[in-house]
Amino acid sequence: MRFAAILATRYSEVQLTFSTKITFLGTGLMGDPMVRRLLQAGYSVTVWNRTHSKAQELRAAGANAPALLLDAVAGAQIVISMLEAGPIVAQVLEDALPAMAPATLWVDMSSTKQSEAQQFHAALRAAGHSFIDAPVSGGVGGAQAGSLAIMAGGSAEDYDKVAAILTAMGRPTLVGPAGSGQVAKLCNQLIVGATLNIVAEALLLAQAAGADAAAVRTAIRGGFAESRILEVHGQRMLERNFVAGGQVKSQIKDMHNILAAAEAANIRLPVTQLVTRRYESIAETHATADHAAALLALEAINPGQRLGSGPDKLS
């Protein structure tokens, strides 16, 4: 009897989870595959995008796609946003508030400043709602595979309400109170941005010094230099494949947010400052290229040096 009762309770919890009304705001490069993972997991999802045609593309996958933001958020228990930047999140949140049901839980998976996440938390709390900041890492490939690293900031009670939903999109971890998710994401992007530049320097050095850069990459992958950046983006650099996953302009935004967080915490990050300048140097020419285009920034200050011999793939 006890086992049957446990099964009945868990079945009820599963039923409740899947009956949760979810609205997803922002169906761009990352948002689209994230919504598809939710739909594949059995959730009912309403989607909205500022460019309505992008949201409509998800109708065939089973999503509801009203044209108006107010219609999209009305009645939702969970609102998930995946938008370009903090100011856009702030505007969408302000516009959505009048139509939101009482005690809505808003999960912002965009990459914003920590201070912005804390402001969203305060605004929602004042209106009787809850907030979690849950930025992600893993790029479009991770979104498609449902393997995103998801860094959540909020209360344990609120996190428990959405843990299963987030798990449909990746591997969520509660890292602290509201705003902490953005801190974790900034730490992630700091490592990613710096490592991309170092991998570019290593491969260009290998070739310029007369070694086979591809063979050098293979040789060092078994040592302490091994990383996902060396594995994935090292190969992209060798192939000169700069078709966007994570874009240069997004990396620059993240680097600026890192430096803002460092200033607020009264610390200096000299390497991050250098990496930021390297990305800023290609902001006008390669803003929408993949952030592996750190190689292009490096080649620009080394005239006559170019990794590999193939053409650049930019789109």
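## A look at the packing of helix α12 (residues 248-264) against helix α13 (residues 270-280)
Consideration 1: Remark: α12 packs on α13, axes separated minimally by 10 Å, with the N-to-C direction vectors making an angle of 150 degrees. Relative to α13, α12 is oriented roughly antiparallel. Like other packed secondary-structure pairs, α12 and α13 cross with a definite hand, here left-handed. Between α12 and α13, the residues in contact are Val248, Gln251, Ile252, Met255, His256, Ile258 and Leu259 and Thr272, Gln273, Val275, Thr276, Tyr279 and Glu280, respectively.

## Examining the pairing of strand β8 (residues 170-176)
Each regular strand displays side chains that alternate between the two surfaces of the sheet.
Consideration 1: Bridge analysis of strand β7 (residues 148-153) against β8 gives six bridges, and the strand direction is parallel. Its bridge partner lying in β8, Leu148 is registered against Gly170.
Consideration 2: This β-α-β element, β7 to helix α8 (residues 156-167) to β8, shows right-handed connectivity.

## A short note on the environment of Val140
Consideration 1: Looking at the element boundaries, Val140 is found in helix α7 (residues 139-145).
Consideration 2: Accessibility expressed as a relative area gives 15% for Val140, which makes it buried.
Consideration 3: As a C-alpha pair, Val140 and Tyr43 span 97 residues in sequence and 21 Å in three-dimensional space.
Consideration 4: The contacts of Val140, once residues within four sequence positions are left out, are Leu29, Met30 and Gly245.

Scoring rules and cut-offs
Residues numbered from 1 in each chain as written. Predicted model: local features only at pLDDT ≥ 70, side-chain atom pairs only at ≥ 80, totals over all residues. Heavy atoms only, no water. Axes fitted to C-alpha atoms, helices over the stretch in contact; angles between N-to-C directions. Helix = DSSP H or I, 4+ residues; strand = E, 2+ residues; numbered from the N terminus. Parallel < 35°, antiparallel > 145°, perpendicular 65-115°, else oblique. Left-handed = near helix turned anticlockwise from the far one by under 90°. Contact = heavy atoms within 4.5 Å. Pairing = 2+ DSSP bridges. Right-handed = clockwise from strand over helix to strand, strands pointing away. Buried < 20%, exposed > 50% of the residue type's maximum accessible area, 1.4 Å probe, protein only.

These results come straight from atomic positions and should not be treated as a statement about function.
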